[in-house]
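# Structural overview for review
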Protein chains: 2
Amino acid sequence: MNREEKLTRIFEAALRVFARYGYRRTRVEDIADELGMTKGNLYLYVKDKRDLYEKAVAQGLLRWQAMVGRSIEKIDDVCDQFLTMGRKSYAYLSRDVSLRTVLINDPSIFPLSSREDQFSEINRASMDMLRSVLTRGIQEGRFREVDVDHLTELLYSIYVMFIIKTYVKSEGKSTQKMFEQGLDIILHGLLKR
Amino acid sequence: MNREEKLTRIFEAALRVFARYGYRRTRVEDIADELGMTKGNLYLYVKDKRDLYEKAVAQGLLRWQAMVGRSIEKIDDVCDQFLTMGRKSYAYLSRDVSLRTVLINDPSIFPLSSREDQFSEINRASMDMLRSVLTRGIQEGRFREVDVDHLTELLYSIYVMFIIKTYVKSEGKSTQKMFEQGLDIILHGLLKR
DNA sequence: GATGAAGTGAACAAAATGTTCAAATTTTCA
DNA sequence: TGAAAATTTGAACATTTTGTTCACTTCATC
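Now for a quick tour of the structure. (Residues numbered from 1 in each chain as written. Chains lettered and ligands numbered in written order. Predicted model: local features only at pLDDT ≥ 70, side-chain atom pairs only at ≥ 80, totals over all residues. Heavy atoms only, no water.)

## Regarding the overall build of chain A
Along chain A, the regular secondary structure elements total nine helices and zero strands. The order of α-helices and β-strands along chain A, N terminus first, is α-α-α-α-α-α-α-α-α. Summarising its shape, the C-alpha atoms of chain A cover approximately 65 × 35 × 30 Å along the three principal directions. Sorting the 193 residues of chain A into buried and exposed places 46% on the buried side. Counting only contacts in chain A whose residues sit at least 6 apart along the sequence, the fraction spanning at least 24 positions is 67%. Summing over all exposed atoms, chain A offers an accessible surface of approximately 11,000 Å²; the carbon and sulfur share of this is 51%. Separation of charge centres in chain A, based on 32 positive and 28 negative side chains, amounts to 4 Å. (Helix = DSSP H or I, 4+ residues; strand = E, 2+ residues; numbered from the N terminus. Buried < 20%, exposed > 50% of the residue type's maximum accessible area, 1.4 Å probe, protein only. Contact = heavy atoms within 4.5 Å. Areas by Shrake-Rupley, 256 points an atom, 1.4 Å probe, with all protein chains shown as cover. Lys, Arg positive; Asp, Glu negative; His and termini not counted. Charge placed at Lys NZ, Arg CZ, Asp CG, Glu CD.)

The structure is reproduced here in structure tokens:
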């Protein structure tokens, strides 16, 4: 197993354990145990406990992002692509228990103000994905010629709000309905008639 | 609120928190927080953390015992009493989440060998309840004239084994069926024909 | 079997936690 | 009301836990 794979495993295990006990109550040794190694060895891969946490979360977020990327890359119709991107992104956390739990214990992972964003690079990439779909829609003459940058920010903020409402505050079913409805309205708002 | 009530509340809260985090990961301060007091104050009520744990568990066990006691005290028919005692005792943990969780994290609470029993006094009282039902059955001429002391120990051991199988190892539904069946067979074994 | 990479476990410093207690606060009751 | 008793606090202290480092061992590769 090369270093890359090893890192992946370490962050997977770390995320599981952080989800189980919360940041403060997990010891570096708990994670080492989960991996069947000693804690000293972990320090060949990360700087300190905080670093381990942040990289574990980052890997979780990237995994999420990659999944959405894969699910839209082969879609021809840009409207379909927009809807799928929204639905897949939104639904993802219902399946990733560890990441969801960590997010619940540490909502600062998803900052409402992008100034205090610990994962700004990742979030920027997510926004890029959204932006590129919007741009494509415009270029193909399907979407109205809106200000892409501002709209991207707006839609991303709405999306984050839904994630928080649904998974952190767990306002369940009705929020899901609202999301579907919102997606539909926004797509119609985008479309040229 | 008098000292008695206060102690009850403290042990209730402690059991909840110990269930949530496990013994090692709960801080005395977590329990104080749950009670809205400072940790220093807790030491007016218990000797140390271990003492707090043991008394919290003990209170949980006594609550269980009391519930069973109440549920059989007004039953006239001794067979009915025997069955009810078994069923209520066995089913109790499915409702007491805290006690169940603590038991799962610390199975030594229910010792298979009574020599290493931290709660021997409580278990002895439970066995007394069982013994008194058996004795009554014999005195009324309903049960065969068995050796009550040995039978009490035997039945209690079987009962503890079922508790462990069901709630610690969570071997669910099929174990429940087995318990019902076992109860039926034992009662028939006891009855004079 | 020499070389570098990976891993260990003991040592240490720093942080967290358990425990005590003098002082502050609240309650009790004459 | 106001003094005495009971309760609670919060800071201080001792102990334990935990994060982090590193000299050394083990393992893998050539």
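The structure having been displayed, the exposition proceeds.
## Here's the deal with the relation of the copies chain A and chain B
Of the transformation placing chain A onto chain B, the axial shift is 0.1 Å and the rotation is 180 degrees, giving an RMSD of 0.0 Å. Between the two chains, the operation in question is that of a two-fold axis. Minimal C-alpha distance to the rotation axis in chain A is attained by A:R25, lying at 3.2 Å. Looking at chain A, 100% of its interface residues are interface residues in chain B too, so the copies touch through the same face. (Least-squares fit on C-alpha atoms with pLDDT ≥ 70 in both.)

## Regarding the packing of helix 7 (residues 120-139) of chain B against helix 8 (residues 148-168) of chain B
Residue and element names in this part refer to chain B. Here helix 7 crosses helix 8 at 125 degrees, and the two axes come no closer than 9 Å. In terms of orientation, helix 7 and helix 8 fall into the oblique class. Crossing of helix 7 over helix 8 shows right-handed handedness. Residues N123, S126, M127, L130, R131, L134, T135 and I138 of helix 7 pack against V148, D149, L151, T152, E153, L155 and Y156 of helix 8. In terms of residue class, the contact of helix 7 with helix 8 is made up of eight nonpolar, four polar and three charged. (Axes fitted to C-alpha atoms, helices over the stretch in contact; angles between N-to-C directions. Parallel < 35°, antiparallel > 145°, perpendicular 65-115°, else oblique. Left-handed = near helix turned anticlockwise from the far one by under 90°. Nonpolar A, V, L, I, M, F, W, Y, C, P; charged D, E, K, R; others polar.)

## Thoughts on the protein's contact with DNA strand C
If you check the shell around DNA strand C, you find 16 residues, and the closest are A:K6, A:Y45, B:V28, B:Y43 and B:K49. In this structure, a phosphate oxygen belonging to DNA strand C sits 3.2 Å away from a side-chain N or O atom of B:R27. Among the secondary structure elements, those contributing two or more residues to the surface near DNA strand C are helix 3 (39-42) of chain A together with helix 3 (39-42) of chain B. Its residues assigned to classes, the surface near DNA strand C comprises five nonpolar, five polar and six charged. (Near = heavy atom within 4 Å. Polar contact = N/O pair within 3.5 Å; in protein donor to acceptor, adjacent residues only side chain to side chain.)

## Regarding the protein's contact with DNA strand D
Around DNA strand D, the surrounding shell holds 15 residues, and the nearest of these are A:V28, A:Y43, A:K49, B:K6 and B:Y45. Of what DNA strand D places within 4 Å of the protein, 66% of the atoms are sugar or phosphate. At 3.1 Å, a side-chain N or O of A:R27 approaches a phosphate oxygen of DNA strand D. At a separation of 3.0 Å, a phosphate oxygen of DNA strand D approaches a polar side-chain atom of B:K6. Among the elements of the structure, helix 3 of chain A together with helix 3 of chain B are those that each provide at least two residues to the surface near DNA strand D. Counted by class, the surface near DNA strand D contains five nonpolar, five polar and five charged residues.

## With respect to the environment of B:L191
All names here are of chain B. For L191, the location among the structural elements is in the segment after helix 9 (172-190). C-alpha separation for the pair L191 and D80, spaced 111 residues apart in sequence, amounts to 12 Å. Setting aside chain neighbours within four positions, we find L191 in contact with C79, R142, F143 and R144.

## Topic: the interface of chain A and chain B
Taken together, the contacts link six residues of chain A with six residues of chain B. Taking both partners together, chain A and chain B bury about 510 Å²; carbon and sulfur atoms supply 30% of that area. Between B:D30 and A:R25 there is a salt bridge; the shortest N-O distance is 2.7 Å. Among the residues forming the side of chain A that touches chain B, the class breakdown is one nonpolar, one polar and four charged. (Buried area = accessible area lost by both parts, 1.4 Å probe. Salt bridge = Lys/Arg side-chain N within 4 Å of Asp/Glu carboxyl O.)

## Structural notes on the pattern of salt bridges
Pairing of side chains with opposite charge becomes possible as their charged atoms draw close. This structure, assessed with the given rule, holds 30 salt bridges over all chains. In this structure, the salt-bridge partner of A:E29 is A:R27, at a minimum N-O distance of 3.9 Å. Taking the relative accessible area as the measure of exposure, A:E29 reaches 33% and is therefore partly exposed. We note a salt bridge from B:R16 to B:E34, for which the minimum N-O separation is 2.7 Å.

## A look at helix 6 (residues 97-105) of chain B
Residue and element names in this part refer to chain B. Here helix 6 has its buried residues at S98, L99, V102 and L103. Down the axis, helix 6 shows its buried residues gathered within 130 degrees of arc, on one side only. Looking at the buried side of helix 6, the elements it contacts are helix 1 (3-21), helix 4 (49-73) and helix 8. (Arc of directions from axis to C-beta.)

## Topic: the environment of A:V28
Residues and elements named next belong to chain A. Mapped onto the fold, V28 is located in helix 2 (residues 28-35). Residues V28 and A14 lie 14 residues apart in sequence; the distance between their C-alpha atoms is 8.8 Å. V28 has contacts with K39, L42, Y43 and K49, leaving out every residue within four places of it along the chain.

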